[in-house]
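Topology and contacts: notes
Each chain, letter by letter, is given below.
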Amino acid sequence: ADDDFKITHDGSFGVLITGTPINITSAAASTYATTSGALSLTGNAGVNINGTADAVNVTTTGDMHMNGANVTIDGSSSISLDASGASNFTTTNGTLTLEGAAGVLVNSTGGKMRINGATQSVDISGSNFNVDTSAAVSMTAGASSSLTTTTGTLSLDGASGINIQGNSSEIDIT
């Protein structure tokens, strides 16, 4: 039991503290810092950071990187991710899922709102699909298209009329 704690100096690394276990406790705010080089925390079974009942703040003027096989962020209240520049959230494999218990709200406060499937199909499903805009609505397709109801009536209502153009082809109304 007398050799379970050691402070050694080998002449090149500074101070090496070894013990089984080592607990460092302070009764007031404390700082562990380096004046040069990185400060590394390594835990063979992980690293736990506990703010008890207060906040845990990570601040840097440089880039911040979080790397892990799986990254899980659980908030007992809300989560906010804010950036001052263009940002992305990308998966290199698998589906990206956004789910909200009371719905999902996507806002664009400037520029365009885009849903871009590139060479993929875009599937919008729901019990009702409502497009509500204060300006014109334009839908353009690059191939034959259809607008179909499986039950009920398809209604077209134009405040100033309805224009149907067949260009150089006939229009069939049955």
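As a reminder, the structure under discussion sits directly above these lines.
The amide bond that connects Thr20 to the next residue, Pro21, takes the cis arrangement and shows omega of -15°. By the secondary structure assignment, Pro21 is in the segment after strand S2 (15–19). Despite not being glycine, Thr52 has its phi angle at roughly 50°, a positive value. As for its position among the elements, Thr52 is in the segment after S2. At Ala118, a residue that is not glycine, the phi angle is positive and equals roughly 45°. With respect to the element layout, Ala118 can be found in the segment after S2.

Consecutive residues of a regular strand have side chains that alternate between opposite faces of the sheet. Across five bridges, the pairing between strand S1 (residues 5–9) and S2 is antiparallel. Note that in S2 the partner of Thr8 across the bridge is Leu16. Count of turn residues in the S1/S2 antiparallel hairpin: five residues, of which Gly11 carries a positive phi of about 90°.

So, on to the environment of Ala27. If you trace the backbone, Ala27 turns up in the segment after S2. In this structure the C-alpha to C-alpha distance between Ala27 and Phe13, which are 14 residues apart in sequence, comes to 29 Å.

We now examine the environment of Asp82. Within the secondary structure, Asp82 sits in the segment after S2. For Asp82, a relative accessible area of 70% gives the class exposed. Note: C-alpha distance between Asp82 and Val122 (40 residues apart in sequence) is 27 Å. A polar side-chain atom of Asp82 sits 2.9 Å from a polar atom in the side chain of Ser80.

About the criteria used
Residues numbered from 1 in each chain as written. Predicted model: local features only at pLDDT ≥ 70, side-chain atom pairs only at ≥ 80, totals over all residues. Heavy atoms only, no water. Helix = DSSP H or I, 4+ residues; strand = E, 2+ residues; numbered from the N terminus. Pairing = 2+ DSSP bridges. Buried < 20%, exposed > 50% of the residue type's maximum accessible area, 1.4 Å probe, protein only. Polar contact = N/O pair within 3.5 Å; in protein donor to acceptor, adjacent residues only side chain to side chain.

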